[in-house]
Amino acid sequence: MEKTRSVVISDAGPLIHMDELNIQEIWAQFSQVLVPTEVIKEVVKYRGADWKNKIPNLKVVYNLPLDPTVTSLSKVFSLHTGEQYALSLMLEYQHAIFLTDDSAARLASNQLGFKVHGSIGIIIRSLRAGLKTKEEIIEILEAIPENSSLYIKKALLNKIIFDLKEGL
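Okay, so let's go over this structure. (Residues numbered from 1 in each chain as written. Predicted model: local features only at pLDDT ≥ 70, side-chain atom pairs only at ≥ 80, totals over all residues. Heavy atoms only, no water.)

## Here we look at the overall build of the protein chain
Okay, so step 1: For the protein chain, the helix and strand inventory stands at 8 helices and 5 strands.
Okay, so step 2: When its helices and strands are written in sequence order, the protein chain yields β-α-β-α-β-α-α-β-α-β-α-α-α.
Okay, so step 3: Here the C-alpha radius of gyration of the protein chain, 16 Å, is about what a compact globule of 168 residues would show, namely 15 Å.
Okay, so step 4: Overall, the protein chain is about 45 × 35 × 30 Å in size when its C-alpha atoms are taken along their principal axes.
Okay, so step 5: With 168 residues in all, the protein chain has 49% of them scored as buried.
Okay, so step 6: The long-range share in the protein chain, meaning contacts at least 24 apart out of those at least 6 apart in sequence, stands at 65%.
Okay, so step 7: Summed over its atoms, the accessible surface of the protein chain is roughly 8800 Å², and 51% of this surface lies on carbon and sulfur atoms.
Okay, so step 8: The averaged location of the 20 negative side-chain charges in the protein chain is 3 Å from the averaged location of its 19 positive side-chain charges. (Helix = DSSP H or I, 4+ residues; strand = E, 2+ residues; numbered from the N terminus. Rg over C-alpha atoms; globule rule 2.2 N^0.38 Å. Buried < 20%, exposed > 50% of the residue type's maximum accessible area, 1.4 Å probe, protein only. Contact = heavy atoms within 4.5 Å. Areas by Shrake-Rupley, 256 points an atom, 1.4 Å probe, with all protein chains shown as cover. Lys, Arg positive; Asp, Glu negative; His and termini not counted. Charge placed at Lys NZ, Arg CZ, Asp CG, Glu CD.)

Right, dumping it as structure tokens:
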């Protein structure tokens, strides 16, 4: 386990994908998973209300105002509501890591100077945290095309799996 565990703020994608892959236990690598209510609504729409009970370190953030900077960026990057609220929350927790699989949200996050990871990064990071073995991670990654709505190019996924198998 890492000495200090990070606080993360997630938009809907990683929450949905970890639930689809049935690997909610990897959220334990983080000290806290902060999620605005707008993101919760989106995840509940796709995964039902029960998924929240599977993440003990989940903290829902209520009544969060949209930040004007994020509102401006949302016009440039065509951000969805959940992403806007998650980025607004990032402005309050700048030490946190932003979790998203959306390329536009990633670009906006980079523009704001935030550290960002996607679902693949969360899965691989669980190896360093001691929550999964390399073999388990390879099995999870191989299951993504059939068991998850996560979009990743097949060649990229195969390269990641190959690199893990080779020990990189």
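## Some thoughts on the packing of helix α6 (residues 119-128) against helix α7 (residues 134-147)
Okay, so step 1: Where α6 meets α7, the closest approach of the two axes is 9 Å, and the angle between their N-to-C directions is 165°. When the interaxial angle is binned, α6 and α7 end up roughly antiparallel. Between α6 and α7 the crossing geometry is right-handed. On α7, the residues that touch Ile120, Ile123, Ile124, Ser126 and Leu127 of α6 are Lys134, Ile137, Ile140, Leu141 and Ile144. (Axes fitted to C-alpha atoms, helices over the stretch in contact; angles between N-to-C directions. Parallel < 35°, antiparallel > 145°, perpendicular 65-115°, else oblique. Left-handed = near helix turned anticlockwise from the far one by under 90°.)

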